[in-house]
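Analysis of the macromolecular model
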Amino acid sequence: MNKKLKIGIMGKMGAGKTTLAKEFQNQYPYFKKFAFGDNVKKIARMLYGMEGKERPLLQKIDTALRTVDTDAWVNSILTRCKQDSFVIVDDVRYVNEAFALQNEGFILIFIDVDKTTQYNRLCETYPDAVQNHIAYKDHESEQQTDFLFKIAHCIMPGSANVVDFVTFFLKEHLIMSLINIIRFRRKTLTNTYASTEH
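Below, the structure is looked at part by part.

About the thresholds
Residues numbered from 1 in each chain as written. Predicted model: local features only at pLDDT ≥ 70, side-chain atom pairs only at ≥ 80, totals over all residues. Heavy atoms only, no water. Pairing = 2+ DSSP bridges. Helix = DSSP H or I, 4+ residues; strand = E, 2+ residues; numbered from the N terminus. Buried < 20%, exposed > 50% of the residue type's maximum accessible area, 1.4 Å probe, protein only. Arc of directions from axis to C-beta. Phe/Tyr/Trp six-rings, centres within 6.5 Å; stacked < 30°, edge-to-face > 60°. Axes fitted to C-alpha atoms, helices over the stretch in contact; angles between N-to-C directions. Contact = heavy atoms within 4.5 Å. Parallel < 35°, antiparallel > 145°, perpendicular 65-115°, else oblique. Left-handed = near helix turned anticlockwise from the far one by under 90°. Nonpolar A, V, L, I, M, F, W, Y, C, P; charged D, E, K, R; others polar.

With four bridges joining them, strand β1 (residues 5-10) and strand β4 (residues 107-112) adopt parallel strand pairing. Within the sheet, the bridge partner assigned to G8 lies in β4 and is L108. Here β4 runs beside strand β5 (residues 154-157); their pairing, made up of four bridges, is parallel. The residue bridging F110 from the neighbouring strand is I155, located in β5.

For helix α1 (residues 17-27), every residue scored as buried is listed here: K17, L20, A21, E23 and F24. The arc that holds every buried residue of α1, seen down its axis, measures 160°, which confines them to one face.

Okay, the packing of aromatic side chains next. Across all of its chains, the model carries nine aromatic pairs by this definition. With centroids separated by 5.5 Å and ring planes inclined at 90°, the aromatic side chains of F24 and F169 adopt a geometry described as edge-to-face. With a gap of 145 residues between them, F24 in helix α1 and F169 in helix α10 (residues 162-196) connect regions that are remote in the sequence. Owing to a relative accessible area of 11%, F169 belongs among the buried residues under this scheme. Members of the aromatic cluster, each reached through a chain of ring pairs, are F24, Y28, Y30, F31, F86, F165 and F169.

Turning our eyes to something else, we now look at the sheet that holds β5. One open sheet holds the five strands; their spatial order is β2-β3-β1-β4-β5, and the pairing between them is parallel. Edge positions in the sheet fall to β2 (32-34) and β5, since each has one partner strand and no second. On average, each strand axis in the sheet is inclined to that of its neighbour by 25°, with strand direction left out of account. The strands that helix α5 (residues 95-103) touches are β1, β3 (86-92) and β4; relative to β3, the one it contacts most, it runs at about 165°.

It is a general feature of regular strands that their side chains alternate between the two faces of the sheet. With respect to burial, β3 is a largely interior element, seven of its seven residues being buried. Looking at chain direction, β1 and β3 are connected through five bridges and run parallel. By the bridge assignment, K6 is partnered in β3 with V87. Note: β2 against β3, three bridges, orientation parallel.

Before going further, it helps to examine the packing of helix α2 (residues 38-48) against helix α3 (residues 55-68). Across the interface, α2 lies against α3 with an axial gap of 9 Å and an inter-helix angle of 110°. With respect to α3, the element α2 is oriented roughly perpendicular. In this structure, α2 meets α3 at a crossing whose hand is right-handed. Contacts from V40, K41, I43, A44 and Y48 of α2 reach α3 at L57, L58, I61 and D62. Partitioned by chemical class, the residues of the contact of α2 with α3 number seven nonpolar, no polar and two charged.

As structure tokens, then:
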């Protein structure tokens, strides 16, 4: 494994973003998981006694702070994970979040899930409150996923086996890391040899 790997996971609600992040941690425990919504949930629990995940409340808190500073949650995450080498942010929902992570060297994975699979997963995850979540399918954060799809470095089909995808992804990353190391060493050796010739 390379000395650094930072991943941002994008997709609609119910796509399986957190499931994918947990599988990365399962296969490579050095990963630390962060979420832009971590602080939103803390505020909801502290001020409103939220239990579980109340999407309407979370969206209202998120939207309220974004009207003050659109990068508030972004800056918080980047500060928290700055010193970590293996990072996963599992709830990239806005374009400014994606660009901020991209500028920091994150690899962006988009989970492309169809509506039927999305609905079924929401029912499995929130059996007692699924309508509260479905009601927000047209929220701004959901609408921006169309653009996130276009800027992703990697697309994971929603029907893909998560374990197989992560195994393949990490293997490919390792191969590319080794290729880059070999290229760097070859370039260094070539330059060193060239300098001794003069």
